[in-house]
Amino acid sequence: MKINKIKILLTSLCLLSFILASFSFLFFDIDVNTLKSKYREFLHYSKTHVGAIVYNNTNQTIQITDYKWVRTLPPGKSSRDIGIFDADGLIIDQPVYFEESVHFDGVLKFCDYSRLKLVEKDSVIEIQANNAWICKILNDFDFYNSLDEAFN
């Protein structure tokens, strides 16, 4: 129920911003070409700088996903090191500790703003997540039983 209220609020805010932007073209002298150029710069920046990163600071090989495709992340490497600009999920096939609980199998799906650092403590991998709160607000940070469930 709470998620639906958040979605309705976000939709309303987007609609309101669209309406205000439309009125700004009527009442203010805004150069459309400059606006398009700024929009293109923003898209370029976001495509080159925004994307989830997984850092494997363990001695174990980890499996991550680039959307539905599974890739192997060697110890001491990041997802960017193996050519994945935007990681989308972490496959859990061994005990993983995150937020006061241990998960034994499944898939952790996260959004583009996540920065996951995997560290090993007492033979258990611990997930240290930065910016996970943004993903939780966007309803895009959760554990699933399988890849199909996570990405369908």
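Calculation rules
- Residues numbered from 1 in each chain as written.
- Predicted model: local features only at pLDDT ≥ 70, side-chain atom pairs only at ≥ 80, totals over all residues.
- Heavy atoms only, no water.
- Core = buried A, V, L, I, M, F, W, Y, C linked by side-chain atoms within 4.5 Å.
- Buried < 20%, exposed > 50% of the residue type's maximum accessible area, 1.4 Å probe, protein only.
- Contact = heavy atoms within 4.5 Å.
- Helix = DSSP H or I, 4+ residues; strand = E, 2+ residues; numbered from the N terminus.
- Patch = residues over 30% accessible without salt bridge, like charges linked within 9 Å, V, L, I, M, F, W, Y side chains within 5 Å.
- Areas by Shrake-Rupley, 256 points an atom, 1.4 Å probe, with all protein chains shown as cover.
- Salt bridge = Lys/Arg side-chain N within 4 Å of Asp/Glu carboxyl O.
- Lys, Arg positive; Asp, Glu negative; His and termini not counted.
- Polar contact = N/O pair within 3.5 Å; in protein donor to acceptor, adjacent residues only side chain to side chain.

**Thoughts on the nonpolar core**
Step number 1: If you look at the biggest cluster of nonpolar residues, it comprises 22 residues, and the most contacted ones within it are Val54, Ile64, Leu90, Leu108, Phe110, Ile127 and Phe141.
Step number 2: Apart from residues lying up to four places away in sequence, leucine 90 is in contact with Ile62, Gln63, Ile64, Gly106, Val107, Leu108, Phe110, Leu118 and Ile127.

**Some words on the environment of asparagine 130**
Step number 1: Along the chain, asparagine 130 turns up in strand E9 (residues 124-130).
Step number 2: Look at asparagine 130 and you get partly exposed, because its relative accessible area is 49%.
Step number 3: Between the C-alpha atom of asparagine 130 and that of arginine 115, which follows or precedes it by 15 residues, the distance is 5.0 Å.
Step number 4: Not counting residues within four places of it along the chain, the set of residues in contact with asparagine 130 comprises Tyr113, Ser114 and Arg115.

**So, a nonpolar patch on the surface**
Step number 1: A contiguous nonpolar patch, built from Ile6, Leu9, Leu10, Leu13, Leu16 and Leu20 and spanning about 530 Å² of accessible area, is present on the exposed surface.
Step number 2: Inspection of the secondary structure assignment puts leucine 20 in helix H1 (residues 2-27).

**Focus: the side chain of aspartate 88**
Step number 1: As for its placement among the helices and strands, aspartate 88 is situated in the loop between strand E3 (69-73) and strand E4 (89-92).
Step number 2: Salt bridges are absent for the buried aspartate 88, whose nearest opposite-charge side chain, lysine 109, sits at 7.7 Å.
Step number 3: Of note is the side chain of aspartate 88, whose polar atom sits 2.6 Å from the backbone nitrogen of tyrosine 67.
Step number 4: In contact with aspartate 88, other than residues within four places in its own chain, are Thr65, Asp66, Tyr67, Leu108, Lys109, Phe110, Asp112 and Phe151.

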